[in-house]
Amino acid sequence: ALEESGLIDGYVTLLNARKLGLTLVSFVQISMDKHTPDRFEVFEKTVAEYAEVLECHLITGQSADYLLKVIVKDMDAYQQFLLQKLLTIDGVGGVHSSFVLKSPIDKTALPVG
């Protein structure tokens, strides 16, 4: 019934990131130098190609324009991602990174019912 109603977008397998060696999670706030549709489009298309980016959100209420959730192996891998990928995107004016120490709640289920 859920499939027929169109409520199911798809099916996924959840892998154990730690067992894959992906131990560093970061939330990255990105500020764009100009607020133009083409700047935003280039940014979104570029980060969509990066396997390290798990989520990308255009946000309000902060000094940042985007919030990314990024996962990498370690701090060296994050530095490489930051310097060789994020900071090379046309229009990125600022980056602020926060690293996850612990995730006491990490759900994939939606609050239905």
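Look up a bit, the structure's there.
In what follows, the accompanying structure is described. (Residues numbered from 1 in each chain as written. Predicted model: local features only at pLDDT ≥ 70, side-chain atom pairs only at ≥ 80, totals over all residues. Heavy atoms only, no water.)

Some words on the overall build of the chain
Helix and strand counts for the chain stand at three helices and four strands. Its C-alpha atoms put the chain at 45 × 35 × 25 Å along the principal axes. Across the 113 residues that make up the chain, the buried fraction comes to 26%. Summarising the internal contacts of the chain: among those between residues at least 6 apart in sequence, 67% fall at separations of at least 24. Looking at the chain, you have 10 positive and 15 negative side-chain charges, and the mean spots of the two groups are 9 Å apart. (Helix = DSSP H or I, 4+ residues; strand = E, 2+ residues; numbered from the N terminus. Buried < 20%, exposed > 50% of the residue type's maximum accessible area, 1.4 Å probe, protein only. Contact = heavy atoms within 4.5 Å. Lys, Arg positive; Asp, Glu negative; His and termini not counted. Charge placed at Lys NZ, Arg CZ, Asp CG, Glu CD.)

With respect to the sheet that holds strand S3 (residues 66–72)
One open sheet holds the four strands; their spatial order is S2-S3-S1-S4, and the pairing between them is antiparallel. One side of each edge strand has no neighbouring strand; the edge strands of this open sheet are strand S2 (53–58) and strand S4 (92–99). For this sheet, the mean inter-axis angle between neighbouring strands, taken without regard to orientation, is 20 degrees. Two strands pair when backbone bridges link them, and strand S1 (residues 24–32) and S3 are joined in this way by seven bridges, in the antiparallel orientation. Counterpart to Leu24 in the pairing with S3 is Val72. (Pairing = 2+ DSSP bridges. Axes fitted to C-alpha atoms, helices over the stretch in contact; angles between N-to-C directions.)

Concerning helix H2 (residues 37–48)
Relative to the 16 Å expected for twelve residues at 1.5 Å per residue, H2 spans 16 Å between its end C-alpha atoms, a close match to the ideal helical length. Among the residues of H2, Arg39, Phe40, Phe43, Thr46 and Val47 are the ones counted as buried. Along the axis of H2, the buried residues cluster in a sector spanning 135 degrees; they form a single face. Facing away from the buried side of H2 by over 90 degrees, the exposed positions are Pro37, Asp38, Lys45 and Ala48. In this structure, the buried residues of H2 make contact with S1, S2, S3 and S4. (Expected span 1.5 Å × (residues − 1). Arc of directions from axis to C-beta.)

Details of the nonpolar core
Core analysis: the biggest nonpolar cluster contains 19 residues, and Ile30, Phe43, Val47, Leu68, Val70, Tyr78 and Leu86 have the highest contact counts within it. Looking at this core, the elements with two or more residues in it are S1, H2, S3 and helix H3 (75–84). (Core = buried A, V, L, I, M, F, W, Y, C linked by side-chain atoms within 4.5 Å.)

A closer look at a nonpolar patch on the surface
On the surface, a nonpolar cluster with roughly 460 Å² of combined accessible area is contributed by Leu2, Leu7, Ile8 and Tyr11. We classify Leu2 as exposed; its relative accessible area is 51%. (Patch = residues over 30% accessible without salt bridge, like charges linked within 9 Å, V, L, I, M, F, W, Y side chains within 5 Å. Areas by Shrake-Rupley, 256 points an atom, 1.4 Å probe, with all protein chains shown as cover. Salt bridge = Lys/Arg side-chain N within 4 Å of Asp/Glu carboxyl O.)

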